[in-house]
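Chain by chain, the residues:
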Amino acid sequence: MRIKILALLCFLLSFSGCKKTPEETVNEHVEQNKTHDITEQDVKKIKYIDYILDSKTEDAIKDWQEYKQVEELVINIKKADLTYFTEDKKVILLLLRELKQNLPDALKAESINSRILVMETQLLKLESLYSLGTTSKEELIAGIKEFLIAFSNLNFQMNKKVEFDSRVIEKP
């Protein structure tokens, strides 16, 4: 009888001992995800000049769907919603490739292409920072700031291009 009780106790102890290890791993995983706890207030504290599109520029890009997707991404990032980066990386790369390929004719210029390339680089950097488990909150906020500045500079350059093209200069 004592052997059965002793065997039962050993059996219970072995199960209770095995159960502690996964709980510790879960706690470590939760601690790593705490670095990504960025709030909308954190993003609002970022100081940069946010250029918006002029009405003429909006008319020039009204059919550019990829830009509208990036604009929605920027709105979500400003709300501290970075869930877009949990999707497959191929989706992000496809969006960036189509953004460059479907550039409206009115905006085809080297200055616009270079701003798109900078924005692409910053977006991929932000995605990398978000994916890493060791990224600190400050590093992630700095990555968000760099991306928002790159997007704002793209808007500014598109406004300049459309404004320059719409000028009518009379020659004497």
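Remember, it's a predicted structure, so these values are computed and weren't measured experimentally.

## Some details on the overall build of the protein chain
Here is step 1: Across its full length, the protein chain holds 7 helices and 0 strands.
Here is step 2: Per-residue burial over the protein chain gives 31% buried out of 172 residues.
Here is step 3: If you take every contact in the protein chain between residues at least 6 apart in sequence, the share linking residues at least 24 apart comes to 82%.
Here is step 4: In the structure as shown, the protein chain presents an accessible area of about 11900 Å², 56% of it carried by carbon and sulfur atoms.

## Let's talk about helix α6 (residues 110–131)
Here is step 1: Helix length check: α6 (22 residues) gives 31 Å between terminal C-alpha atoms against 32 Å at 1.5 Å per residue, within 8%.
Here is step 2: If you follow the buried residues of α6, they end up packed against α4 (65–78), α5 (89–101) and α7 (137–166).

## Points about the packing of α5 against α6
Here is step 1: Remark: α5 packs on α6, axes separated minimally by 11 Å, with the N-to-C direction vectors making an angle of 175 degrees. Looking at the two axes, α5 sits roughly antiparallel to α6. Across from K89, I92, L93, L96, L99 and K100 in α5, the residues of α6 making contact are I116, M119, E120, L123, L124 and E127.
Here is step 2: Considering only residue class, the contact of α5 with α6 consists of 8 nonpolar, no polar and 4 charged.

Cut-offs and rules
- Sequence order as written defines the numbering, with residues in each chain counted from 1.
- Local features are withheld for residues below a pLDDT of 70 in this predicted model, meaning they are given only at 70 or higher, and side-chain atom pairs are given and counted only at 80 or more; totals for whole chains, interfaces and linings count all residues.
- Note: side-chain values were computed over all heavy atoms of the structure, leaving out hydrogens and water.
- Helix and strand labels come from DSSP, where a helix needs a run of H or I of at least four residues and a strand needs a run of E of at least two; each type is numbered from the N terminus.
- Note on classification: 1.4 Å probe, protein chains only; a residue is buried when its accessible area is under 20% of the maximum for its type, exposed when over 50%, partly exposed between these limits.
- In this description, contact between two residues means that some pair of their heavy atoms is separated by no more than 4.5 Å.
- Each accessible area is a Shrake-Rupley estimate made with a 1.4 Å probe; only the visible protein chains count as cover when residues are assessed.
- Each helix should span, by expectation, one fewer than its residue count multiplied by 1.5 Å.
- Only the contacting stretch of a helix is used when fitting its axis, a line to C-alpha atoms as for every element, and angles between N-to-C directions run 0 to 180 degrees.
- Relative orientations are named as follows: roughly parallel for angles under 35 degrees, roughly antiparallel for angles over 145 degrees, roughly perpendicular for angles from 65 to 115 degrees, and oblique for any other angle.
- Classification used: nonpolar for Ala, Val, Leu, Ile, Met, Phe, Trp, Tyr, Cys and Pro, charged for Asp, Glu, Lys and Arg, polar for all others including Gly.

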